[in-house]
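Each chain, written out:
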Amino acid sequence: DPHFVFNTLNSIQSFIIKNDRLASSQYLSKFARLMRLILNSSQKQAVPLSDEISALTLYLELESLRFQQKFEYNLVVDLSIDSSACFIPAFLIQPIVENAIWHGIMGLDVTGRIDIEFQKNPNNITCIVEDNGIGRQRSMELKTPVQKAKQSYGIALVVSRLELLNNLYNIDMKIQFVDLHADNGQAAGTRVIIQLPMIS
């Protein structure tokens with residue numbers, strides 16, 4: 001995502017201008033590691049789940065630093081999953097996490113939370129991304145007409161890639177969005193469930 005790269009470099013520049021050497025060094029190091037992971041994975045049809053988790057962790061660390069710990073996050077992997085031997089399609093989860101941050105968490109007045117969980121099924125892995133954000137309906141209400149005119153290209157790309165994988169492997173992988181509500185009926189976030197094929 002060119003916007004993420006641009007914003008990350010701006011954040012590094014801001015730390016340098018403030019003469020915060022430790023923060024700028026840590027930020028730059030994490031960014032470099034993430035870029036290396038992405039470049040290494042960019043030519044691959046599938047990556048080890050451990051690489052995907054590493055990339056997600058670095059991405060979340062960078063965004064958390066950039067937004068001054070506006071949100072907390074937690075990654076949970078089913079103990080029965082060998083993350084280094086289990087291969088999944090690359091670049092399917094990060095756009096969902098990005099959506100949770102930008103369209104859910106950023107609208108909160110309190111600390112946000114993102115939970116990412118990987119569960120093993122007989123033929124696939126279920127990834128659940130859940131946030132405590134403002135919800136999809138409120139997010140749409142807050143958007144300007146220009147923002148509403150723009151599509152979420154990241155999510156559209158995920159859906160398109162899932163369709164290609166379904167055709168390639170003769171499977172039926174889907175993405176599901178669930179609007180969460182508190183007991184009083186108010187929006188309490190979004191849960192995204194995505195089925196990922198295990199690729200040998």
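Just so it is clear, the model here is predicted, and its values are computed rather than measured.

Engineer: Account for the overall build of the chain, with residues named and values stated.
Structural biologist: The helix and strand inventory of the chain stands at 7 helices and 7 strands. In the chain, the succession of α and β elements from N to C terminus is α-α-β-α-β-β-α-β-β-α-α-α-β-β. Overall, the chain is about 50 × 45 × 35 Å in size when its C-alpha atoms are taken along their principal axes. Counting every position in the chain, which comprises 200 residues, the buried fraction comes to 38%. For the chain, the proportion of contacts with a sequence separation of at least 24, taken over those separated by at least 6, is 70%. Only carbon and sulfur atoms are counted for the fraction: they give 52% of the accessible area of the chain, which is about 11500 Å². Considering the chain, the positive charge centre built from 18 side chains and the negative charge centre built from 20 side chains are found 6 Å apart.

Engineer: Which residues make up the packing of aromatic side chains, and what values go with them?
Structural biologist: Taken as a whole and assessed by the stated rule, the structure comprises 2 aromatic pairs. With a centroid separation of 5.4 Å and an interplanar angle of 85 degrees, the aromatic rings of Phe67 and Trp102 are classed as edge-to-face. With a gap of 35 residues between them, Phe67 in the loop between helix H3 (49-66) and strand S2 (71-77) and Trp102 in helix H4 (residues 94-104) connect regions that are remote in the sequence. On the accessibility criterion, Phe67 (18% relative accessible area) is buried. Trp102 sits in the partly exposed class, given a relative accessible area of 36%. Ring geometry for Phe71 against Tyr73: centres 6.4 Å apart, planes inclined by 50 degrees, an arrangement best described as tilted. Overall, the relative accessible area of 2% leaves Phe71 in the buried class. Taking relative accessible area as the criterion, Tyr73 reaches 28% and is therefore assigned partly exposed.

Engineer: Got a sec to walk through helix H2 (residues 21-41)? Specific residues and values, please.
Structural biologist: Along an α-helix, residues three or four apart share an orientation, since each turn contains 3.6 residues. Here H2 spans 30 Å end to end across 21 residues, near enough to the 30 Å set by a 1.5 Å rise per residue. For H2, every residue scored as buried is listed here: Ala23, Ser24, Tyr27, Lys30, Phe31, Leu34, Leu37 and Ser41. Down the axis of H2, the buried side of the element spans an arc of 160 degrees, and every buried residue falls inside it. More than 90 degrees from the buried face of H2, the exposed residues found are Arg21, Leu22, Arg36 and Leu39.

Engineer: I'd like a rundown of the pairing of strand S7 (residues 187-197), residues and numbers included.
Structural biologist: Two strands pair when backbone bridges link them, and strand S5 (residues 124-131) and S7 are joined in this way by 8 bridges, in the antiparallel orientation. Paired with Val129 across the two strands is Val192, which belongs to S7. Here strand S6 (residues 175-181) runs beside S7; their pairing, made up of 7 bridges, is antiparallel. Bridge assignment links Asp179 to a residue of S7, and that residue is Thr190.

Analysis parameters
- Residues numbered from 1 in each chain as written.
- Predicted model: local features only at pLDDT ≥ 70, side-chain atom pairs only at ≥ 80, totals over all residues.
- Heavy atoms only, no water.
- Helix = DSSP H or I, 4+ residues; strand = E, 2+ residues; numbered from the N terminus.
- Buried < 20%, exposed > 50% of the residue type's maximum accessible area, 1.4 Å probe, protein only.
- Contact = heavy atoms within 4.5 Å.
- Areas by Shrake-Rupley, 256 points an atom, 1.4 Å probe, with all protein chains shown as cover.
- Lys, Arg positive; Asp, Glu negative; His and termini not counted.
- Charge placed at Lys NZ, Arg CZ, Asp CG, Glu CD.
- Phe/Tyr/Trp six-rings, centres within 6.5 Å; stacked < 30°, edge-to-face > 60°.
- Expected span 1.5 Å × (residues − 1).
- Arc of directions from axis to C-beta.
- Pairing = 2+ DSSP bridges.

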